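# Analysis of the macromolecular model
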Amino acid sequence: AAAGYASERGPRGGRGALILSLVAVPLSAALVLHSYVDWRSEVYAVKTLRAAVDAARYISGGEYPALELRLTLLTGSPKALRVELVRYYVYAGGRLARVLADSYPEGLEVGPGGRALSRLVSLHPDVTPSCFERGLCTVRLQLVVRTRFGLSLVDLPLRLQPEAPNVPAGPA
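Below, the structure is looked at part by part. (Residues numbered from 1 in each chain as written. Predicted model: local features only at pLDDT ≥ 70, side-chain atom pairs only at ≥ 80, totals over all residues. Heavy atoms only, no water.)

For the largest pocket, the calculated volume is near 160 Å³. Contributing to the lining of the largest pocket are Phe-132, Gly-135, Cys-137, Thr-138, Val-139, Arg-140, Pro-157, Leu-158, Arg-159 and Leu-160. Elements with a contribution of two residues or more to the lining of the largest pocket: β6 (137–147) and β7 (150–158). For the lining of the largest pocket, the element with the highest residue contribution is β6, accounting for four residues. When its residues are assigned to classes, the lining of the largest pocket shows six nonpolar, two polar and two charged. (1 Å grid on protein atoms, 1.4 Å probe; cavity = no way out; pocket = protein on both sides within 12 Å on 5 of 7 lines; lining within 4 Å. Points joined across faces, edges and corners; volume = space filled by probe spheres on them. Helix = DSSP H or I, 4+ residues; strand = E, 2+ residues; numbered from the N terminus. Nonpolar A, V, L, I, M, F, W, Y, C, P; charged D, E, K, R; others polar.)

Next up, the structure:
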């Protein structure tokens, strides 16, 4: 009698499994596709990350000259990235002259609309405006970006043509 009872309930349990599989397979496929599209957007955002120089101004007249930078970080993807750290590397004649870093513990969100940054970089007195004009002095950014796989480093060279030196006026 027990065997007959088990065989009578068998087909009904199979129908439930069939209905469940008809729902689960398309749902799983949709989740995999969504995950792939999200991953691809993130990779594209990292690949298209760039820095546009809005303004670069050489400032002299103080104890040390300085370079005032205004930048916009942009990405070509609709998916925003989180920048954790921005390092500014200033090279003079091929040697490293200055390194500065700005940390963003909450993450600086960079999307297709861009994100403005500004930084005043103190320089060695030997670094002059003509050094930048002749291309002997350069600035590179290194961005530490948080992705689903961990932290990624993105190096970006900046094309600078600093404005003429700004010497503060003395007492009149």
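On to the pairing of strand β1 (residues 50–59), then. Relative to strand β2 (residues 66–74), β1 runs antiparallel, the two being bridged by nine bridges. Along β2, the bridge assignment pairs Ala-52 with Thr-72. (Pairing = 2+ DSSP bridges.)

Between two cysteines, a covalent bond joining their sulfur atoms is known as a disulfide. Counting across every chain of the model gives one disulfide. The disulfide partner of Cys-131 is Cys-137, and the S-S distance across this bridge is 1.7 Å. Its torsion about the S-S bond being 85 degrees, the disulfide of Cys-131 and Cys-137 is classed as right-handed. Comparing Cys-131 with Cys-137, the two get one shared label, buried. (Disulfide = S-S within 2.5 Å. Buried < 20%, exposed > 50% of the residue type's maximum accessible area, 1.4 Å probe, protein only.)

For the rest of this paragraph, the subject is the pattern of salt bridges. Enumeration over the complete set of coordinates arrives at six salt bridges. Residue Glu-68 is joined to Arg-57 by a salt bridge in which the shortest nitrogen-to-oxygen separation is 2.6 Å. Of this pair, Glu-68 sits in strand β2 while Arg-57 sits in strand β1, and the two are eleven residues apart along the sequence. Looking at Arg-57, the relative accessible area reads 25%, which means it is partly exposed. Across the pair Arg-82 and Glu-109 runs a salt bridge, and its minimum N-O distance is 3.1 Å. Here the residue Arg-82 occupies a position in strand β3 (residues 81–92), and Glu-109 occupies one in strand β4 (residues 95–110), the gap between them amounting to 27 residues. (Salt bridge = Lys/Arg side-chain N within 4 Å of Asp/Glu carboxyl O.)

Quick look at a nonpolar patch on the surface now. On the surface, Leu-33, Tyr-36, Val-37, Trp-39, Val-43 and Phe-149 cluster together to form a nonpolar patch covering roughly 600 Å² of accessible area. Assignment of secondary structure puts Tyr-36 in helix α1 (residues 2–47). (Patch = residues over 30% accessible without salt bridge, like charges linked within 9 Å, V, L, I, M, F, W, Y side chains within 5 Å. Areas by Shrake-Rupley, 256 points an atom, 1.4 Å probe, with all protein chains shown as cover.)

In short, shape yes, function no, at least from these values alone.
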